[in-house]
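If you want the building blocks of each chain, they are given just below.
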Amino acid sequence: MFRPRVLIVKDPSSVAVAGADVVEELITERPDAVLALPTGRTPIDLYRELVRRTRLGRIDWSRVRAFNLDEWVGVPADSEASYASFMNEHLYAHVNMPATHRFIPNGLAPDLDGECRQYEDAIESVGGIELAILGIGRNGHIGFNEPGTPFEVRTHVATVSADTRAANAYSFPGGDPPSSAITVGIATIMLARRIVLLATGDEKALILRRALEGAVDVSVPASVLQRHSNVTIIADERAGSLLPRPVSER
Ligand code: PGA
């Protein structure tokens, strides 16, 4: 078992800065890096910070490839509620990553299982994911891998839990998100060479502690990260409030 590195910083904007440092350093060192990227409220500040640095000429996305972690099933890419729209709004419209380098599962594919296989093939064909950036759901999910999902699964169609649907209701006009989504699997995430998980706010404090300090178990999907050798958790003080403090701070 490994111990994820835990970086606790002051507030959500410091989380964004620390996350952007990781991305900027990677792209500077490896201009053709392959990323896996999250959606949700947490990474919005990260994308804003990355866009700011891009405008300053610090990040060149022309050779970067990025795979989204997930997309809703049945939501057209051009609908406001899709994760494709989210990524355009927060990142892709503002950076020079070629459209052919941006991968998002097609939640309207007639053959969803075939779409999942193609997504895995696309990840493999570019040599796998160098850096996966994750959020964490209040129930411990990563991507849409909800509690109970076997750790061995690759990209698949997942059933979205009631809790997660409630947490995402804000982005659907009728407040009613779909009950399924395509998500990269836990095994896909674990093959990334490096993982950074971002967490902010009180509502993530308990689950972050369970994920990092509790047993590795499918009931808390993020607990699998204890089995990966290169994980960094970047949390603000609120999300990190229930984690054991480093010896130097006791
Ligand atoms: P959030 O979602 O950033 O909106 O809290 C995180 C997640 O569900 O992964």
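The structure we're discussing is the one just above.
Note that the coordinates shown come from a computational prediction; the quantities given were computed from them, not determined experimentally.

Enquirer: Account for the packing of aromatic side chains, with residues named and values stated.
Expert: The description of an aromatic ring pair rests on the distance of the ring centres and on the angle between the ring planes. Evaluated as defined, the whole model comprises 7 aromatic pairs. Plain terms: the ring middles of Trp72 and Phe144 are 4.9 Å apart, the flat faces sit at 55° to each other, and that makes the pair tilted. Of this pair, Trp72 sits in strand 4 (residues 70-72) while Phe144 is found in the loop between strand 6 (131-134) and strand 7 (156-159), placing the two residues 72 residues apart along the sequence. For Trp72, a relative accessible area of 0% translates into the label buried. Exposure remark for Phe144: the relative accessible area of 3% places this residue in the buried category. Plain terms: the ring middles of Trp72 and Phe172 are 5.2 Å apart, the flat faces sit at 85° to each other, and that makes the pair edge-to-face. Taken together, the positions of Trp72 in strand 4 and Phe172 in the loop between helix 5 (162-168) and strand 8 (180-183) put the pair 100 residues apart, joining distant regions of the chain.

Enquirer: Lay out the site of the ligand in plain terms, naming residues and giving numbers.
Expert: The environment of the ligand is made up of Gly40, Arg41, Thr42, Gly135, Ile136, Gly137, His141 and Lys204. At 2.5 Å, a side-chain N or O of Thr42 approaches an oxygen atom of the ligand. A distance of 2.6 Å is found between an oxygen atom of the ligand and a side-chain nitrogen or oxygen belonging to His141. Out of a free accessible area of 280 Å², the ligand has 84% covered by protein chains. Class assignment for the residues of the shell around the ligand results in 1 nonpolar, 5 polar and 2 charged.

Enquirer: Mind laying out the pattern of salt bridges, listing which residues take part and the relevant values?
Expert: Applying the stated criterion across every chain, the model contains 16 salt bridges. One salt bridge connects Asp45 with Arg48, and the closest N-O pair in it is separated by 2.8 Å. On the criterion of helical spacing, the pair formed by Asp45 and Arg48 is a turn pair, its members being 3 residues apart in helix 2 (residues 44-55). Relative accessible area serves as the criterion here: at 25%, Asp45 is assigned to the partly exposed category. Among the residues examined, Arg48 registers a relative accessible area of 53% and is labelled exposed. The salt bridge partner of Asp176 is Arg165, with a shortest N-O separation of 2.7 Å. Residue Asp176 is found in the loop between helix 5 and strand 8, and its partner Arg165 is found in helix 5; the two are separated by 11 residues along the sequence. Connected through shared salt-bridge partners, Asp21, Glu24, Glu49, Arg52, Arg53 and Arg58 make up one network.

Enquirer: Hey, could you go over the environment of Ala211 for me, with residue numbers and the actual values?
Expert: One can find Ala211 in helix 7 (residues 205-213). Here Ala211 falls in the buried class, since its relative accessible area comes to 2%. Sequence spacing of Ala211 and Ser180 is 31 residues, and the spatial spacing of their C-alpha atoms is 24 Å. Once residues within four sequence positions are removed from consideration, Ala211 is found in contact with Ile136, Val220, Ala222, Ser223 and Gln226.

Enquirer: Summarise helix 4 (residues 112-125); cite the residues concerned and give the values.
Expert: Each α-helix winds once per 3.6 residues, and so residues spaced three or four apart point in a common direction. Relative to the 20 Å expected for 14 residues at 1.5 Å per residue, helix 4 spans 20 Å between its end C-alpha atoms, a close match to the ideal helical length. Taken as a whole, helix 4 has its buried residues at Gly114, Glu115, Cys116, Tyr119, Glu120, Ala122 and Ile123. For helix 4, the side-chain oxygen to backbone nitrogen distance between the N-cap and Asp113 is 3.4 Å, and the N-cap itself is Asp111.

Enquirer: Talk me through the sheet that holds strand 3 (residues 65-68); I want residue IDs and the actual numbers.
Expert: Reading across from one edge, 1-10-9-6-2-3-5 is the order of the 7 strands in this open sheet, with parallel pairing throughout. The open sheet is flanked by strand 1 (5-9) and strand 5 (102-103), the only strands paired with a single partner. By the bridge criterion, 4 bridges tie strand 2 (residues 34-37) to strand 3 in an arrangement that is parallel. Its bridge partner lying in strand 3, Leu37 is registered against Asn68.

Enquirer: Kindly report on the nonpolar core, identifying the contributing residues and their values.
Expert: Grouped together as the largest cluster of nonpolar side chains are 40 residues, with contacts concentrated most on Leu35, Leu37, Leu50, Trp61 and Leu91. Those elements that provide at least two residues to this core are helix 1 (12-29), strand 2, helix 2, helix 3 (83-90), strand 6 and strand 9 (194-199). Examining the composition of this core, we find that 7 residues originate from one element, helix 1, more than from any other. Not counting the four nearest positions on each side in its chain, Leu37 is found in contact with Tyr47, Ala66, Phe67, Asn68, Leu69, Met87, Leu91, Tyr92 and Ile133. One finds Phe151, Ile189, Met190 and Ala235 within the second-largest nonpolar core, a separate group that totals 35 residues.

So, how was this worked out
Residues numbered from 1 in each chain as written. Predicted model: local features only at pLDDT ≥ 70, side-chain atom pairs only at ≥ 80, totals over all residues. Heavy atoms only, no water. Phe/Tyr/Trp six-rings, centres within 6.5 Å; stacked < 30°, edge-to-face > 60°. Helix = DSSP H or I, 4+ residues; strand = E, 2+ residues; numbered from the N terminus. Buried < 20%, exposed > 50% of the residue type's maximum accessible area, 1.4 Å probe, protein only. Near = heavy atom within 4 Å. Polar contact = N/O pair within 3.5 Å; in protein donor to acceptor, adjacent residues only side chain to side chain. Areas by Shrake-Rupley, 256 points an atom, 1.4 Å probe, with all protein chains shown as cover. Nonpolar A, V, L, I, M, F, W, Y, C, P; charged D, E, K, R; others polar. Salt bridge = Lys/Arg side-chain N within 4 Å of Asp/Glu carboxyl O. Contact = heavy atoms within 4.5 Å. Expected span 1.5 Å × (residues − 1). Pairing = 2+ DSSP bridges. Core = buried A, V, L, I, M, F, W, Y, C linked by side-chain atoms within 4.5 Å.

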